[in-house]
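Each chain is listed here by its residues.
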Amino acid sequence: MLVLPLLQHIGEVAECLVTPGERVLKGQMIAAPRGDVSAPVHASSSGTVVAIEPRPYPHPSGLPAPAIIIETDGKDEWLDSEHGLANYHEIEAARLLDHIRQSGIVGLGGAGFPTQVKLGSSVYHNIELLVINGAECEPYLSCDNRLMQERAAEILEGVRILQHLLKPDNCIIALENHMGAAREAMQVAVDNTADRAINLVSVPDIYPSGGERQLIRILTGKEVPSQGFPADIGILCQNVGTATAIYQAVVHNRPLVSRIVTVTGAGVKQPCNLEALIGTPFLDMITACGGYADRVDRLLMGGPMMGFAVNTDNVPVIKTTNCILAVTRDEMPPPPPEQPCIRCSKCTDVCPADLLPQQLFWHARSGNLDAAQDYNLFDCIECGCCAYVCPSHIPLVQYYRHSKAEIWTRDRQKQASDIARRRHDARKARLERIKQERAERLARKKQQLGSSEDTAENTRKAAIQAALERVRRKKAQTEIAPKNVDNLTAEQQQRIHEVDERRQQSGKDPEQ
Ligand code: SF4
Ligand code: SF4
């Protein structure tokens, strides 16, 4: 049984494309991306969709989330899809980015940001340095180390695709000092590519060297601007797992249906790294590692510093699951009760982002979110170093997470009300415009009617004028006639004489 949540990434929830009872094949898209920042979900094995419903989900809230449940048939039958884009050197960036989007790839370092969005915004920046991050995010994790040892050639091919897309001047593959075997494997792969622009660089085994901003600072001495992105300073960072997923998608047309997961902790009998199908329940992963050891206290997704507890092992592996950590009480005792801050400033001393955790805490606790933002709350990478050293055992990161969530909610509500206000204003303006246009149309009609009435009146006046003119001419003729009376016959002269007499008697023209 596989449980595939519709949200396994940062962004919009994917839109379900299947219905219960439908047979699906491995690699088939079963949920489509919705909006620009989203990622599709693919069936990670063949089988039948048996339900689409909320299921336990690996998230700090512990709330269930909508998921597609597939009863697998054991055949693991791939969708007979078209061949990949092995000739990617000849393909333009836009098509490759769309292919990466359709393959459902997200950042596998743990962030889960859709990869094509990160790459898409970087394609139009001038990227000078491409950083491939092989440094583990946290203690306990070894999934990237294992991947580099076993699939170095695939990582390198993924790097070549990224180089084709971004055209960086240089490329660094970063590993930690203790990763000797991985370094050897990667060095062989780099030598085989004969690409002089790719360098392997080891960084100290100090947490959190694997964090994007910290790694960039270690490698280049440059600071990513506050609330900015590495692309703003000409750098793009991708995880080694993401590079492999890009290779599989582009060259073999295989969408993201599995990932390497570290299953570890004193609560697991045989800790190891497993390649897990997305959707595999945590319990199956633990069972594949020999089952639980005695006295398991908590189960976490992620490492001990940035991970979070899940309240059931029925949650599935999702794209961002880099580690399943089963800890005992001895290994990770529950935190003692929180005490008041004693202003020791130990938290400030250890903050890798150069923040003032104590100030952030004050503002977060008092709900002064604007002040917390003024202290660069969003530059906090939630590494947990401050909480780890705090002698008062204050769960500082939880305060920061809560404040960030509050600010996001507030911003979303503000955006929604802004959109509603803009729509209201637009409607008002549209109604005003319609009213005005109607008034103008009426005015034009009236004007047209008025001018046609004038024309009829003028025609009538002209006809009267013409009639009067005709009468005048006729009268003039009759008045001229007596002057030529000598040329008329006697009968005509008699007739004129009679008419004149009658006119004089009546005072009127008798021929009118
Ligand atoms: S380490 Fe803890 S007690 Fe010390 S200043 Fe920071 S929050 Fe306060
Ligand atoms: S969690 Fe604490 S130490 Fe880590 S970046 Fe945030 S404020 Fe700094």
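Think of each chain on its own: its residues are numbered from 1, step by step along the sequence as written. Here chains are named by letter from A upward and ligands by number from 1 upward, in the order in which they appear as written. Under the rules for a predicted model, residues below a pLDDT of 70 receive no local features and side-chain atom pairs below 80 are neither given nor counted, while totals for whole chains, interfaces and linings still include all residues. Remark: hydrogens and water are excluded; side-chain values derive from all non-hydrogen atoms of the structure.

Trainee: Kindly report on the pattern of salt bridges, identifying the contributing residues and their values.
Mentor: Whenever a carboxyl oxygen of Asp or Glu lies within 4 Å of a side-chain nitrogen of Lys or Arg, that contact is scored as a salt bridge. Overall, the coordinates contain 19 salt bridges when judged by the stated rule. For Asp 73, the salt bridge goes to Arg 23, with nearest N and O atoms at 2.6 Å. Here the residue Asp 73 occupies a position in the loop between β7 (65–72) and α1 (93–102), and Arg 23 occupies one in strand β3 (residues 23–24), the gap between them amounting to 50 residues. Taking the relative accessible area as the measure of exposure, Arg 23 reaches 41% and is therefore partly exposed. Put simply, Glu 77 and Arg 23 hold a salt bridge, and the shortest N to O gap is 2.8 Å. Here Arg 23 lies in strand β3 and Glu 77 lies in the loop between β7 and α1, a separation of 54 residues in the sequence. Ionic contacts of the salt-bridge type, sharing partners, join the residues Arg 23, Asp 73 and Glu 77 into one network. Each helix corresponds to a stretch of at least 4 residues labelled H or I by DSSP, and each strand to a stretch of at least 2 residues labelled E; elements are numbered beginning at the N terminus. Per-residue accessibility, obtained with a 1.4 Å probe over protein chains only, is compared with the maximum for each type, and a residue is labelled buried under 20%, exposed over 50%, and partly exposed between these values.

Trainee: Can you tell me about the site of ligand 2, naming the residues and giving the values?
Mentor: As a structural note, the neighbourhood of ligand 2 is formed by Cys 351, Pro 352, Pro 357, Cys 380, Ile 381, Glu 382, Cys 383, Gly 384, Cys 385, Cys 386, Val 397 and Tyr 400. Among the cavities detected, the one that contains ligand 2 is the second largest cavity. Of all the secondary structure elements, the ones that give two or more residues to the shell around ligand 2 are α12 (385–389) and α13 (396–480). Class assignment for the residues of the shell around ligand 2 results in ten nonpolar, one polar and one charged. Here, proximity means that at least one heavy atom of the residue falls within 4 Å of the molecule or strand. Note on definitions: the grid is 1 Å and covers protein atoms alone; a cavity is a set of points where a 1.4 Å probe fits but cannot get out; a pocket is an open set with protein on both sides within 12 Å along at least five of seven lines; lining residues have an atom within 4 Å of a point. In this description, a molecule resides in a pocket or cavity if more than half of its atoms sit within 2 Å of the grid points defining it. Three residue categories are used. Nonpolar comprises Ala, Val, Leu, Ile, Met, Phe, Trp, Tyr, Cys and Pro, charged comprises Asp, Glu, Lys and Arg, and polar comprises the others, including Gly.

Trainee: Can you explain the packing of aromatic side chains? Please cite residues and give values.
Mentor: Each aromatic ring pair is characterised by the separation of its centres together with the angle its planes make. Two rings from Phe, Tyr or Trp (for Trp, the six-membered ring) form a pair when their centres are within 6.5 Å of each other. A pair whose planes differ by under 30 degrees is stacked, one over 60 is edge-to-face, and the rest are tilted. The tally for this structure, following the rule as stated, stands at three aromatic pairs. Arranged with centres 5.8 Å apart and planes meeting at 45°, the rings of Phe 361 and Trp 362 form a pair that is tilted. Under the relative-accessibility criterion, Trp 362 is labelled partly exposed at 26%. Centre to centre, the rings of Phe 361 and Tyr 399 are 5.0 Å apart; their planes meet at 75°, and the pair counts as edge-to-face. Here the residue Phe 361 occupies a position in helix α10 (residues 357–365), and Tyr 399 occupies one in helix α13, the gap between them amounting to 38 residues. When its relative accessible area of 2% is taken as the criterion, Phe 361 is described as buried. A relative accessible area of 22% places Tyr 399 in the partly exposed class. Members of the aromatic cluster, connected to one another through ring pairs, are Phe 361, Trp 362 and Tyr 399. We call a charge positioned over a ring when the NZ of a Lys or the CZ of an Arg lies within 6 Å of the ring centre and within 35 degrees of the ring normal. The ring of Trp 78 is capped by Arg 254, whose NZ or CZ atom sits 3.8 Å from the centre of that ring.

Trainee: An account of the layout of surface pockets is needed here, citing residue identities and associated values.
Mentor: Its boundaries defined by the atoms lining it, the second largest pocket holds a volume of some 950 Å³. Within the residue set of the lining of the second largest pocket, elements represented by two or more residues are β14 (296–301), β15 (308–310), α12 and α13. Residues of the lining of the second largest pocket, tallied by class, amount to 19 nonpolar, four polar and three charged. Grid points are joined across faces, edges and corners, and a volume is the space filled by probe spheres set on the points.

Trainee: How would you explain the sheet that holds strand β13 (residues 272–277) if you had to name every residue and give the values?
Mentor: Strand pairing requires that DSSP identify at least two bridges connecting the strands. In spatial order, the strands read β13-β12-β16-β14-β15; together these five strands make up an open sheet with mixed pairing. The open sheet terminates on both sides in strands that have one partner only, identified here as β13 and β15. When the angles between neighbouring strand axes are averaged without regard to direction, this sheet yields 35°. Working rule for contacts: check all heavy atoms of both residues, and any pair within 4.5 Å makes them a contact. Only the stretch in contact is used when fitting a helix axis, every axis being a line fitted to C-alpha atoms; angles between N-to-C directions are given from 0 to 180 degrees. Contacts from helix α3 (residues 143–150) reach β12 (258–264) and β13 within the one sheet, and its direction differs from that of β12 by about 125°.

Trainee: How would you explain the site of ligand 1 if you had to name every residue and give the values?
Mentor: The environment of ligand 1 is made up of Cys 341, Ile 342, Arg 343, Cys 344, Ser 345, Cys 347, Gln 358, Cys 390, Pro 391, Ser 392 and Ile 394. In this structure the site holding ligand 1 corresponds to the largest cavity. Looking at the shell around ligand 1 residue by residue, the class counts come to seven nonpolar, three polar and one charged.

Trainee: Hey, could you go over a positive patch on the surface for me, with residue numbers and the actual values?
Mentor: Residues qualify for a patch when their relative accessible area is over 30% and they have no salt bridge, like charges being joined within 9 Å and the nonpolar side chains of Val, Leu, Ile, Met, Phe, Trp and Tyr within 5 Å. Method for areas: the Shrake-Rupley scheme with a 1.4 Å probe, in which residue coverage is limited to the protein chains shown. The convention is simple: Lys and Arg are positive, Asp and Glu are negative, and His and the chain ends are not counted. Where a charge lies is defined by one atom per residue type, namely NZ (Lys), CZ (Arg), CG (Asp) and CD (Glu). A cluster of basic residues, Arg 438, Arg 441, Arg 444 and Lys 445, forms a positive patch on the protein surface. Mapped onto the elements, Arg 444 comes out in helix α13.

Trainee: Residue-level account of the domain arrangement of the chain, with values.
Mentor: An automatic or database domain assignment is the source of the domain bounds shown. Domain boundaries assigned for the chain yield domain 1 (86–252), domain 2 (335–468) and domain 3 (472–506). Measuring from the centre of the C-alpha atoms in domain 2 to the corresponding centre in domain 3 gives 99 Å.

Trainee: Can you tell me about empty space enclosed by the protein, naming the residues and giving the values?
Mentor: The tally for this structure, following the rule as stated, stands at two cavities of 30 Å³ or more. Considering only enclosed or pocket space, the largest cavity measures out at about 110 Å³ in volume. Cys 341, Cys 347, Gln 358, Cys 390 and Ile 394 are, among the 14 residues lining the largest cavity, the residues nearest its centre. No other element matches α10, which puts three residues into the lining of the largest cavity. Empty space within the second largest cavity amounts to approximately 90 Å³.

Trainee: I'd like a description of the pairing of β14, backed by residues and values.
Mentor: Judged from the five bridges that link them, β14 and strand β16 (residues 323–328) form a sheet pairing that is antiparallel. Bridge assignment links Met 301 to a residue of β16, and that residue is Ile 324. Sheet topology places β14 next to β15; three bridges connect them, and they run antiparallel. Residue Met 301 lies in a different strand from β15, and its bridge partner there is Phe 308.

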